[in-house]
Amino acid sequence: EPDLEFEGLLKRQHTRVKYFQGSLMNAMDLERAKVHEADACLVLANKYCPDPDAEDAANIMRVISIKNYSDDIRVIIQLMQYHNKAYLLNIPSWDWKQGDDVICLAELKLGFIAQSCLAPGFSTMMANLFAMRSFKTSPDMAAWQNDYLQGTGCEMYTETLSPTFTGMTFSQASELCFVKLKLLLLAIEVKPEDGGDPKISINPRRSKLPTNTVGFFIAQSAEEVKRAWFYCKACHEDVKDENLIKKCKCKHLMTFRKGVRAIQLVGKTMANKTGATPATPFSAALSKPLLNIKNSVMAKEENGSKPVMNGRPTNKPADQQKNGKMEVGIADDQAKDFDFAKTEMKYDSTGMFHWTPARSIEDCILDRNQAAMTVLNGHVVVCLFADPDSPLIGLRNLVMPLRASNFHYHELKHVVIVGAVDYLRREWKTLQNLPKISVLNGSPLSRADLRAVNVNLCDMCVILSAKVPSNDDPTLADKEAILASLNIKAMTFGDIITNIESMGDSKDALNNMGDTTVKRPGPIYGTNVPMITELVNDSNVQFLDQDDDDDPDTELYLTQPFACGTAFAVSVLDSLMSTTYFNQNALTLIRSLITGGATPELEIILAEGAGLRGGYSTPDTLSHRDRCRVGQISLSDGPLATFGEGRKYQDLFVASLRNYGMLCIGLYRLRDAALTTVDATSKRYVITNPPFDFGLLPTDQVYVLLPFERKQSRFSFSETEV
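Residues numbered from 1 in each chain as written. Predicted model: local features only at pLDDT ≥ 70, side-chain atom pairs only at ≥ 80, totals over all residues. Heavy atoms only, no water.

Chemist: Is there a simple way to explain the side chain of Lys 85 in this structure?
Modeler: Within the secondary structure, Lys 85 sits in helix H4 (residues 85-88). Lys 85 sits in the buried class, given a relative accessible area of 6%. Excluding residues within four positions of it along the chain, Lys 85 makes contact with Leu 79, Val 102, Cys 104, Glu 107, Arg 591 and Glu 603. (Helix = DSSP H or I, 4+ residues; strand = E, 2+ residues; numbered from the N terminus. Buried < 20%, exposed > 50% of the residue type's maximum accessible area, 1.4 Å probe, protein only. Contact = heavy atoms within 4.5 Å.)

Chemist: Explain the pattern of salt bridges here, please?
Modeler: For side chains of opposite charge, pairing can occur when their charged atoms come near one another. Going through the model one piece at a time under the given rule, you end up with 19 salt bridges. Two residues, Asp 574 and Lys 47, come together in a salt bridge whose shortest N-O distance is 3.0 Å. One end of the pair, Asp 574, is in the loop between strand E17 (567-569) and helix H24 (575-582); the other, Lys 47, is in the loop between strand E1 (41-43) and helix H3 (52-69), and 527 residues separate them in sequence. Residues Lys 226 and Glu 159 are paired through a salt bridge, measuring 3.2 Å at the closest nitrogen-oxygen approach. Separated by 67 residues along the polypeptide, Lys 226 in helix H9 (residues 222-230) and Glu 159 in strand E4 (residues 155-160) bring together distant segments of the chain. (Salt bridge = Lys/Arg side-chain N within 4 Å of Asp/Glu carboxyl O.)

Chemist: How should the nonpolar core be read in this particular structure?
Modeler: Counting residues in hydrophobic clusters, the biggest one holds 142 residues, and the most contacted among them are Phe 165, Leu 464 and Leu 573. Among the elements that make up this core, the one with the highest residue count is helix H5 (residues 105-118) (9 residues). The residues contacting Phe 165, other than those within four sequence positions of it, are Ala 173, Leu 176, Cys 177, Leu 181, Leu 209, Ala 228 and Tyr 231. Counting residues in hydrophobic clusters, the runner-up holds 24 residues, among them Leu 366, Cys 383, Ala 452 and Phe 493. (Core = buried A, V, L, I, M, F, W, Y, C linked by side-chain atoms within 4.5 Å.)

Chemist: I would appreciate a short explanation of the packing of aromatic side chains in the present structure.
Modeler: The description of an aromatic ring pair rests on the distance of the ring centres and on the angle between the ring planes. Under the counting rule described, the total for this entry stands at 11 aromatic pairs. Feature note: the residues Phe 112, Phe 130 and Phe 568 constitute an aromatic cluster, connected by ring pairs. Between the NZ or CZ atom of Lys 182 and the centre of the ring of Phe 692, over which it lies, the distance is 4.3 Å. (Phe/Tyr/Trp six-rings, centres within 6.5 Å; stacked < 30°, edge-to-face > 60°. Lys NZ or Arg CZ within 6 Å of the ring centre and 35° of its normal.)

Chemist: Can you walk me through the sheet that holds strand E19 (residues 629-634) in this structure?
Modeler: The strand order across the open sheet formed by 4 strands is E19-E22-E20-E21, and the pairing between neighbours is antiparallel. Edge strands, defined here as strands with exactly one partner in the open sheet, are E19 and strand E21 (684-688). Taking the axes of each pair of neighbouring strands and ignoring which way they run, one obtains an average angle of 30° across the sheet. Relative to strand E22 (residues 701-706), strand E20 (residues 663-670) is paired through 5 bridges, and the arrangement is antiparallel. Paired with Leu 663 across the strands is Leu 705, a residue of E22. Packed onto the sheet, helix H7 (residues 143-152) meets E20 and E21 and runs at close to 40° relative to E21. With respect to the sheet, helix H28 (residues 649-660) is in contact with E20 and E22, its orientation differing from that of E20 by roughly 135°. (Pairing = 2+ DSSP bridges. Axes fitted to C-alpha atoms, helices over the stretch in contact; angles between N-to-C directions.)

Chemist: Explain the packing of H5 against helix H25 (residues 584-594) here, please?
Modeler: In contact at an axis separation of 9 Å, H5 and H25 are set at 55° when each is read in the N-to-C sense. The orientation of H5 with respect to H25, classified from their angle, is oblique. Note on packing geometry: the crossing formed by H5 with H25 is left-handed. Contacts from Glu 107, Leu 108, Gly 111, Phe 112 and Gln 115 of H5 reach H25 at Leu 587, Ile 590, Arg 591, Leu 593 and Ile 594. Each residue belonging to the contact of H5 with H25 can be placed in one class, and the counts come to 6 nonpolar, 2 polar and 2 charged. (Parallel < 35°, antiparallel > 145°, perpendicular 65-115°, else oblique. Left-handed = near helix turned anticlockwise from the far one by under 90°. Nonpolar A, V, L, I, M, F, W, Y, C, P; charged D, E, K, R; others polar.)

Chemist: Please explain the sheet that holds strand E7 (residues 214-219) as it appears in this structure.
Modeler: Reading across from one edge, E4-E7-E5-E6 is the order of the 4 strands in this open sheet, with antiparallel pairing throughout. Where the open sheet ends on each side, the last strands, each with one partner, are E4 and strand E6 (199-202). Between one strand and the next, the sheet's axes are offset by a mean angle of 30°, whatever the strand orientation. The pairing of E4 with E7 spans 6 bridges and is classified as antiparallel. The partner of Met 156 across the bridge, within E7, is Ile 218. Against the sheet, helix H8 (residues 170-181) engages strand E5 (184-190) and E7, with an angle of about 140° to E5.

Chemist: Please clarify how a negative patch on the surface should be interpreted in this entry.
Modeler: Among the surface-exposed residues, Glu 1, Asp 3, Glu 5 and Glu 7 lie close enough to one another that they form a single negatively charged patch. Examined against the element boundaries, Glu 1 turns out to sit in the segment before helix H1 (4-12). (Patch = residues over 30% accessible without salt bridge, like charges linked within 9 Å, V, L, I, M, F, W, Y side chains within 5 Å. Areas by Shrake-Rupley, 256 points an atom, 1.4 Å probe, with all protein chains shown as cover. Lys, Arg positive; Asp, Glu negative; His and termini not counted. Charge placed at Lys NZ, Arg CZ, Asp CG, Glu CD.)

These figures come from the coordinates and say nothing about function on their own.
Next up, the structure:
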């Protein structure tokens, strides 16, 4: 029976929503709901279930029943656990080409949080992009809320680029779109010459755009994106107002459009029932969205060419030999790419992630004293609440994006997990091949444990819970996460020496701490520790910030912790279901951005259950490193500092793209604009794709999509300033 709230919704939307009671396992009920005539079938998971694996198994059975009844219906399913994705591939009529898709909550939730470790607030920006909402600003609101709300109105769209763009590089096309059409072009679809499945290439370099290229845009409406389809150099070059860029009478363009639309119509009849909308041309004809991810952020031209070397002297073959055998995974390319004498850089068999031979969890466990003596700085602290028998949350999905091969080995942030070792032993087989992981067997609520792992010097503190919420009171589901968050905020940190406790010989301990002068000084107050807390229940967000005036009934996306990127709830992934229905490629793009480049090949390997496999480094697998990644750059110093002095966002956008190949996608701004220096109580909020004439401040930080650099980067991207 629907509860009162749901009944109210049904009454308000009674002309558009029909509610049936029944079972998807029953063919009579499927007949009643006319499933065979439906455009798509969306299967939602119960995110608050006590046993996620049982919930996934039940939903996969429902998909089998639906496909058995009508094998050509498009199904989009939510799954709780990543490892259950493999079972869907066993259903004979499950077909990516048909538009079938799976939204794995654990994979995406932890992927969003992982990207926030690299660029704080990024999870909020991405969640708002697929939320499908319009914004209304108001003079009664604070200035920061209006800036934030304007960004929440942005969505992701696909549109075919007009012939004017043919032959341009991606950078030129993106600059033209931003400056002239006021659109943000993020990625393009690349069709391989061998006629294989198209793939999505995010901020690619060097490649020229072929005709009929499909572009992925961030914009406020589908109407705006049409400008990319209508733009004609001959007719519109002198047009100053982007709203006047409408369909023109050019003979050349008319022929081109007729041709493209004809292809689209043919594609639509072939693909049949893929749920394409006018705002997503070509999306009906696109095939195998998951295969689109394969090598997703590399253009064809880059794949063919051998990676450029740094010209550093290579290791002699003799140096690489141990016991008369060649060392697996070390290639000349890597030796040149890296100037640390004895660092062994290895990747998994797909070349998408850093890999290390399996280690036992015992080798990675630290006690409190060992942790305090380890030089931990610029790392990621994961506070994990779990009972020994809690359902697995799939920590691999959190760590893998932080181990993507488009980072140099020394740029990888050390991950320190604070939690119960009994639980982590069960997770370990999925983590054992990922480098730079340590485990502290302790409690995330213990201040001594938090001090031992230098929580004040971390780049991000992630608070997660694997515990099953009790059915008695759902509001108590987040009690541990909230207590841990408030506990860290209440801590104070003095001189680093005072953090070394009960070590016997403090002189040795100090030597082990390394040279403290080269380290970034940590915050003195816990309120300034960068943090992201995962919540089960949206309404609990009101307890995270004591200084906000959020009403308990405020929607999650309007609350201060969410706008600042310090809270994330799995409920925001629900709207991804409708985004995927309307634009199948949006999910592919989001997935490749969030997972750090997981490919279908990798998914098949992981589905085997034996974990990541190491691989030989060949020019082909090494070329997979050449893909962009998410980063955050400060305007307070460095090459972009001049833009912080009151320049406009468009100036920054154009200069970053031309000089460094970086695509700016948003700002992370201090909430209190009166602060000219980064001060103790500074909170930042996310501005997605600001307007072109938006004024910049020296304290702003910029979200960018960074191209891979074989040499050490000229920016210090590995650390984001607090």
